[in-house]
Amino acid sequence: MGFFTRDIKKMDDLFVHTLRDIYYAEKQIVQALPDMIEKSHDPPLKQGFKSHLGETKNHVTRLEQVFRLHRQEPKGVDCPAIDGIIEEAEDVVGEVEDKSVLDAALIAAAQTVEHYEITRYGSLIAWAKELGRNDCAALLQQNLDEEKATDRKLTSIAESRVNRIAA
Ligand SMILES: [Fe+2]
Ligand SMILES: [Fe+2]
């Protein structure tokens, strides 16, 4: 699916395309989080990553429910944005030696991912409502709420502990 083939004709096509994009992204995040869990040192941070891995697996499942409600096969589409975010995170993390600075870098990387997810879910929810799919919107909202809570939790771990230890 690309700009030249013009496969996205209607709002509904855009909704499905973006659903495939976030589905791919969530699956990439499931792959990336175990490494972040392993590399983190601060116990609350490690625990936070662990619980978000569990939530992220549920995000994938909820997206599959949204596809089915919308009578679509669950499938992903390459998302260069999330690939780039994860790749950059791995690069930066690989450059950091000090373990508390590493924790600060991991938090920044994770928050970049959360913010990406938040923008995607924000659009999807708005479009689902316009398309008369409040059932889909409600499921997407559950994912969005967990992304926002994770983002807030990361901010609080950074500000109350990790940044202070790292500085
Ligand atoms: Fe997610
Ligand atoms: Fe997330």
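Residues numbered from 1 in each chain as written. Chains lettered and ligands numbered in written order. Predicted model: local features only at pLDDT ≥ 70, side-chain atom pairs only at ≥ 80, totals over all residues. Heavy atoms only, no water.

(A) Local environment of helix H1 (residues 11–39). The end-to-end C-alpha separation of H1 is 41 Å, in line with the 42 Å expected for 29 residues at 1.5 Å each. Where H1 bends most, the angle comes to about 30°, and this point is alanine 32, followed within four residues by the proline proline 34. (Helix = DSSP H or I, 4+ residues; strand = E, 2+ residues; numbered from the N terminus. Expected span 1.5 Å × (residues − 1). Bend = angle between axes of the 7 residues up to and from the residue.)

(B) Structural view of the coordination of the iron ion (ligand 2). Summarising the metal site, the iron ion (ligand 2) is bound by the protein donors His52 (NE2), Glu114 (OE), Glu114 (OE), Glu117 (OE) and Glu147 (OE), whose distances to it range over 2.1 to 2.5 Å. Taken as a pair, the iron ion (ligand 2) and the iron ion (ligand 1) lie 3.4 Å from each other and share glutamate 117 as a ligand. Linking glutamate 114 in helix H4 (residues 99–130) with glutamate 147 in helix H5 (residues 134–166), this pair joins segments that are 33 residues apart in sequence. (Donors = N, O, S within 2.8 Å, 3.2 Å for Na, K, Ca; no water.)

(C) Broad picture of unusual backbone geometry. For arginine 71, which is not glycine, the phi dihedral falls at a positive 55°. Considering the arrangement of structural elements, one finds arginine 71 in the loop between helix H2 (43–69) and helix H3 (80–95).

Nothing here speaks to function; it is geometry throughout.
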